[in-house]
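If you want the building blocks of each chain, they are given just below.
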Amino acid sequence: MLLSAMAGAQCVSALDALKTDPRRAYGTDYPYLLETPQLTKAPRGYKPFYISHYGRHGSRYYWSSSLYKELDTLLTLAHERHLLTPVGEKFRQKFMAAKAELQTGVSELTDLGWQQHQGIARIMYNNFPEVFEHGGNVLAISSLVGRCVISMAGFCQELVQCNPKLEIREQSSRFTLDGVVPTDGQNPVKHNYPKDLKPRYEKNRSQFKGAPSVLRDNILKRVFVRTDSLPGRPHHIGSNLINLYTSLPSIGHEGMMDGIITDEEIAAEWERDNLGSYSWVFGPQYQMIPILQDILKKASAAIDGSSDRVADLRFGHDTCIGPLTVLMGINGADLDPEDPNEVKNCYQNWETCKASNIQLIFYRSKKATDDILVKCLMNGREATLPVPTDNYPYYKWSDFQKFYHNKCSYALR
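Here the structure is a predicted model, which is why all the values come from computation and not from measurement.

Draft legend 1. Structural view of helix 8 (residues 215-223). Residues of helix 8 that are buried include every one of Leu-215, Arg-216, Ile-219, Leu-220 and Val-223, and no others. Mapping the buried residues of helix 8 onto a view down its axis gives an arc of 130 degrees, with all of them on the same face. Its buried side turned inward, helix 8 meets helix 4 (86-105), helix 9 (234-251) and helix 10 (263-268).

Given below as structure tokens:
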């Protein structure tokens, strides 16, 4: 039943989606696309009244200064030793022209990241105007990291522009870390949840049918005459160049690496890279239990009337939303296949892209005796959950609450 629902929700296979947009192969570096897919109408008599949300920060400069510093040293030495190809020399010149900006901007949100969150907020408002039309209170909490705080500010500012009657409290505090980044070392609440879980496919990695990886070797040949006298292992140099390339659309420097890498080449190796991404998000999934518990607790309060908030917003990182997607089993991310060739059908790393987000929309019927319903959106699209339902994409809150309460309890046994 779950696989059938997933097929209905996704329609397009992962590889077909990649052909349509090869940049999806950037994975967690993929810049969020502001789309407005058609959503299924609510059952007769139901209206949305509350939204629970978790979003990753938007597009940013590369997260670590080491990338820019290592490439600076590498390209400078290669230039001095006449080890750059003509294509490599053009790249060096463009990189050096942007170096000061890149090193200053390390890890910070870009204009595109701000625009992504403003766009997501406006789409949310337009999709579910009944939630916000009378104003109301909203609580937004964020990681302590600046790019998350600014993403939150952009999102909330846009909501208020949509309706000035909204009262939004924004908080970036150690007091609220458990609901947004529970693994932060500054979180005063300490947990001992299982971590570093291994997906089953890893025992059968040798069965993967993907072609051998050749991209790094090809890149090095295009940039350097040779690399034997340059610092760094060839594989690491190639990885640095790929990481820079996939970050360029987020920072407004597309074209810097023309003639060195193409989107299609990265797409050709996506399935192999996606395996590593799945291990990365699968391992710490139980460490995201506090976020799921925060979702359940605040939704319960909104439903029973002990909270007057119309929305709870959370702004964090890929290291949280990726594992949370697995913990919640969104679009089958928890299926944990034994066959490495099946991983692409339950998780695609572009779903953890810049500004990726989970939205849980809660619906109430005019009849007080009717069930509360919940719908899940993953990056704006209706998503499946491993909760029983005969009315996809809508799930009964009672079933939703019971399923995830049991999930948290099982992990803590």
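Draft legend 2. The arrangement of the pattern of salt bridges in detail. All chains considered together, the criterion is met by 19 salt bridges. Residue Glu-158 is joined to Arg-122 by a salt bridge in which the shortest nitrogen-to-oxygen separation is 2.5 Å. Within this pair, whereas Glu-158 is found in helix 7 (residues 146-162), its partner Arg-122 is found in helix 5 (residues 111-127), the two being separated by 36 residues in sequence. What makes Glu-158 buried here is its relative accessible area of 7%. Across the pair Lys-298 and Asp-294 runs a salt bridge, and its minimum N-O distance is 3.2 Å. With Lys-298 and Asp-294 both in helix 12 (residues 289-304) and four residues apart, the pair spans about one turn of that helix. Each member of the pair, Lys-298 as well as Asp-294, carries the same accessibility label: buried. Each of Arg-23, Glu-254 and Asp-263 takes part in one network of salt bridges that share partners.

Draft legend 3. Quick look at the packing of helix 12 against helix 14 (residues 397-411). Orientation of helix 12 relative to helix 14, taken along the N-to-C sense of each, is 150 degrees, at an axis distance of 11 Å. Looking at the two axes, helix 12 sits roughly antiparallel to helix 14. Judged by the sense of rotation from one axis to the other, the crossing of helix 12 with helix 14 is left-handed. Residues Ile-289, Leu-292, Gln-293, Leu-296, Ala-299, Ser-300 and Ile-303 of helix 12 lie in contact with helix 14, whose contacting residues are Trp-397, Phe-400, Gln-401, Tyr-404, His-405, Cys-408 and Ala-411.

Draft legend 4. Inspection of helix 4 at higher detail. Compared with the 28 Å implied by 1.5 Å per residue over 20 residues, the 28 Å span of helix 4 between its first and last C-alpha is a close match. Ala-98 marks where helix 4 bends most, by close to 55 degrees. The secondary structure elements touched by the buried residues of helix 4 are helix 3 (65-80), helix 8 and helix 9. Two residues or fewer past helix 4, Ser-107 is found with a positive phi of approximately 75 degrees.

Draft legend 5. The arrangement of unusual backbone geometry in detail. Here Tyr-392 and Pro-393 are connected by a cis peptide whose omega angle stands at 10 degrees. Structurally, Pro-393 is set in the loop between strand 7 (381-382) and strand 8 (394-396).

Draft legend 6. A look at the environment of Val-281. Structurally, the position occupied by Val-281 is in helix 11 (residues 270-282). Along the backbone, Val-281 and Val-326 are 45 residues apart, and their C-alpha atoms lie at a distance of 7.1 Å. When near neighbours in sequence (up to four residues on either side) are disregarded, Val-281 contacts Gly-322, Pro-323, Val-326 and Tyr-347.

Draft legend 7. How the structure looks around the side chain of Ser-173. Locating Ser-173 in the fold gives a position in the loop between strand 3 (166-172) and helix 8. On the accessibility criterion, Ser-173 (13% relative accessible area) is buried.

Draft legend 8. View of the packing of helix 3 against helix 9. Across the interface, helix 3 lies against helix 9 with an axial gap of 10 Å and an inter-helix angle of 120 degrees. Taken together, the axes of helix 3 and helix 9 lie oblique to each other. Regarding helix 3 and helix 9, the two cross each other, and that crossing is left-handed. Here Leu-67, Tyr-68, Glu-70, Leu-71 and Leu-74 of helix 3 lie close against helix 9, whose contacting residues are His-236, Ile-237, Asn-240, Leu-241, Asn-243, Leu-244 and Ile-251. Here the residues of the contact of helix 3 with helix 9 sort into eight nonpolar, three polar and one charged.

Draft legend 9. How the structure looks around the pairing of strand 1 (residues 46-56). Counting buried residues along strand 1, 10 of its 11 residues qualify, which places the element largely inside the surrounding structure. Across nine bridges, strand 1 lies against strand 5 (residues 357-365) in antiparallel orientation. Considered in strand 5, the bridge of Ile-51 is made with Ile-361. As judged from the four bridges shared by strand 1 and strand 4 (residues 309-316), these two strands associate in the parallel manner. When the sheet's bridge partners are listed, Ile-51 is paired in strand 4 with Ala-311.

Draft legend 10. Here's a closer look at the environment of Gly-255. By the secondary structure assignment, Gly-255 is in the loop between helix 9 and helix 10. The spacing of Gly-255 and Tyr-245 is 10 residues in sequence and 9.2 Å in space, taken between C-alpha atoms.

Draft legend 11. Just the nonpolar core, in detail. In this structure, Tyr-68, Phe-132, Phe-224, Leu-241, Leu-244 and Met-257 are the most contacted members of the largest nonpolar core, which totals 72 residues. Here the element with the most residues in this core is helix 9; it accounts for seven residues. Each residue touching Met-257, except ones within four places of it in the same chain, is listed here: Phe-91, Leu-241, Leu-244, Tyr-245 and Leu-248. Grouped together as the second largest cluster of nonpolar side chains are 41 residues, Met-288, Leu-296, Cys-320 and Ala-411 included.

Parameters and conventions
- Per chain, the residues get numbers from 1 upward, laid out in the order the sequence is written.
- Only residues with pLDDT of at least 70 get local features here, since the model is predicted, and only at 80 or more are side-chain atom pairs given and counted; chain-wide, interface and lining totals rely on the full set of residues.
- Note that the side-chain values use all heavy atoms of the structure and ignore hydrogens as well as water.
- Partly exposed residues are those whose accessible area sits between 20% and 50% of the maximum for their type, while under 20% is buried and over 50% is exposed, using a 1.4 Å probe and protein chains only.
- Per the convention used, a helix needs a DSSP run of H or I reaching at least four residues, while a strand needs a run of E reaching at least two, with both numbered from the N terminus.
- As used here, the arc is the angular range of directions from the helix axis to the C-beta atoms.
- In what follows, a contact means two residues having at least one pair of non-hydrogen atoms within 4.5 Å.
- Throughout this description, the term salt bridge denotes a Lys or Arg side-chain nitrogen within 4 Å of a carboxyl oxygen of Asp or Glu.
- Only the stretch in contact is used when a helix axis is fitted, and all axes are lines through C-alpha atoms; the angle between N-to-C directions ranges over 0 to 180 degrees.
- With respect to orientation, any angle under 35 degrees is reported as roughly parallel, any angle over 145 as roughly antiparallel, any angle of 65 to 115 as roughly perpendicular, and every other angle as oblique.
- Put simply, a crossing is left-handed when the front helix is turned counterclockwise from the back one by less than a right angle, and right-handed when it is turned clockwise.
- Expected span of a helix: the number of residues minus one, times 1.5 Å.
- What the bend at a residue measures is the angle between two axes, fitted to the seven residues ending there and to the seven starting there.
- Note that Gly is not counted as nonpolar here; it falls among the polar residues with everything else outside the nonpolar set of Ala, Val, Leu, Ile, Met, Phe, Trp, Tyr, Cys and Pro and the charged set of Asp, Glu, Lys and Arg.
- DSSP-based pairing: two strands are paired if at least 2 bridges between them are found.
- In this description, a nonpolar core means a group of buried Ala, Val, Leu, Ile, Met, Phe, Trp, Tyr and Cys residues linked to one another through side-chain atoms lying within 4.5 Å.

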